[in-house]
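# Examining the three-dimensional arrangement
The lines below spell out each chain.
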Amino acid sequence: MALFRSVSWPEPPSLIEGEGVILRVPQMSDYAAWATLREESRSFLAPWEPLWPAHDLTRGAFRRRMRRYARDLKEDNAYPFLVLRAADRVLLGGLSLSNVRRGVTQTANLGYWMGAPFAGKGHMTAAVRALLPYAHGTLGLRRIEAACLPSNQPSIRLLQRVGFRREGYGREYLCINGVWQDHLLFARLSSDPVAPAPAPARPTLVRDADEERGG
């Protein structure tokens, strides 16, 4: 599938591999896993997302979502991905580059969600870190923007870990959970360094008491 706006862009990759995660464009066959994870994570996600439509988790709504994704990809408007665990392909969450602007801007917005059972384990940090080379390189995006609620400390730490810088404060920036709420505004440029993944912790050597005494 060729993507056209002012230039032609390559077909989205079938897979983007990261540290313990894989990013993949959603498919209709993902419906059952997606709906199950979203439903069991509803109370966890609700404070950070727009209100869910009444029938958001139905198969018909998911089919319409897939059609919108296909249209967005074709028109170079957005690039949606599911985040899967590399070891067993279990669905962990999702992320997307949306509101792509070309011309003199070359900018997109980053958004992401993580299922409640998998939050706080570093999966989304790994996913965003894996997405950046594709976003800045293949898609040619010079700037990626992100916004999060001031109370969302995990999201703030995530953005800072992968090289985003805080640039401002947006009053009533987005309607979240039915309320217009202020947001912190972050961005990173293609020229900004990507914070490296932390090195795995070295095992602690437990020495025998006799050895400590020289015996």
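Here, every reference points to the structure presented above.
### Re the overall build of the chain
- Counting its secondary structure elements, the chain contains six helices and ten strands.
- Of all 215 residues assigned to the chain, the portion counted as buried reaches 42%.
- Within the chain, residue pairs in contact and separated by at least 24 positions form 60% of the contacts whose partners lie at least 6 positions apart.
- On the chain, roughly 12,100 Å² of surface is accessible, and the fraction owed to carbon and sulfur atoms is 53%.

### Concerning the sheet that holds strand β7 (residues 107–114)
- If you trace the eight strands from one edge of the open sheet to the other, you get β3-β4-β5-β6-β7-β8-β10-β9, paired in mixed fashion. What marks the edges here is a single partner per strand, and that holds for β3 (16–17) and β9 (165–176).
- Examined bridge by bridge, β9 and strand β10 (residues 179–189) share eight bridges and lie antiparallel to one another. Looking at β10, one finds that R165 is bridged to A187.

### Focus: unusual backbone geometry
- Even without a glycine there, the phi angle at Q106 is positive, about 55°.
- Non-glycine residue E172 carries a positive phi angle of around 45°.
- Among the structural elements, E172 can be located in strand β9.
- Owing to a relative accessible area of 52%, E172 belongs among the exposed residues under this scheme.

### Regarding the nonpolar core
- Counting 51 residues, the largest nonpolar core has F81, L95, L97, L110 and L131 as its most contacted members.
- Considering every element that reaches this core, the biggest residue donor is helix α4 (residues 123–138), with nine residues.
- Sequence-distant contacts of L97, defined by excluding residues within four places in its chain, comprise N77, A78, Y79, A108, N109, L110, L131, A135, L139, L141 and I144.

### Points about the pattern of salt bridges
- Taken as a whole and assessed by the stated rule, the structure comprises ten salt bridges.
- The closest approach of N and O atoms between R38 and E49, which form a salt bridge, is 2.8 Å. Taken together, the residues R38 in helix α1 (residues 31–40) and E49 in the loop between α2 (42–45) and α3 (59–74) connect sequence positions eleven residues apart. Neither R38 nor E49 differs from the other in exposure class; each is buried.
- D192 is the salt-bridge partner of R165, the closest N and O atoms lying 3.7 Å from each other. Here R165 is found in strand β9, whereas its partner D192 is found in the loop between β10 and α6 (209–212), with 27 residues between them in sequence.

### Brief notes about the packing of aromatic side chains
- Evaluation of the coordinates by the stated rule reveals four aromatic pairs.
- With centroids separated by 5.0 Å and ring planes inclined at 45°, the aromatic side chains of W34 and F62 adopt a geometry described as tilted. Here W34, found in helix α1, pairs with F62, found in helix α3; they are 28 residues apart in sequence, far enough to count as distant. Like F62, W34 is buried.
- A ring pair is formed by F81 and Y134, whose centres lie 6.0 Å apart and whose planes are at 90°; its orientation type is edge-to-face.

Each value, and the rule that gives it
- Residues numbered from 1 in each chain as written.
- Predicted model: local features only at pLDDT ≥ 70, side-chain atom pairs only at ≥ 80, totals over all residues.
- Heavy atoms only, no water.
- Helix = DSSP H or I, 4+ residues; strand = E, 2+ residues; numbered from the N terminus.
- Buried < 20%, exposed > 50% of the residue type's maximum accessible area, 1.4 Å probe, protein only.
- Contact = heavy atoms within 4.5 Å.
- Areas by Shrake-Rupley, 256 points an atom, 1.4 Å probe, with all protein chains shown as cover.
- Pairing = 2+ DSSP bridges.
- Core = buried A, V, L, I, M, F, W, Y, C linked by side-chain atoms within 4.5 Å.
- Salt bridge = Lys/Arg side-chain N within 4 Å of Asp/Glu carboxyl O.
- Phe/Tyr/Trp six-rings, centres within 6.5 Å; stacked < 30°, edge-to-face > 60°.

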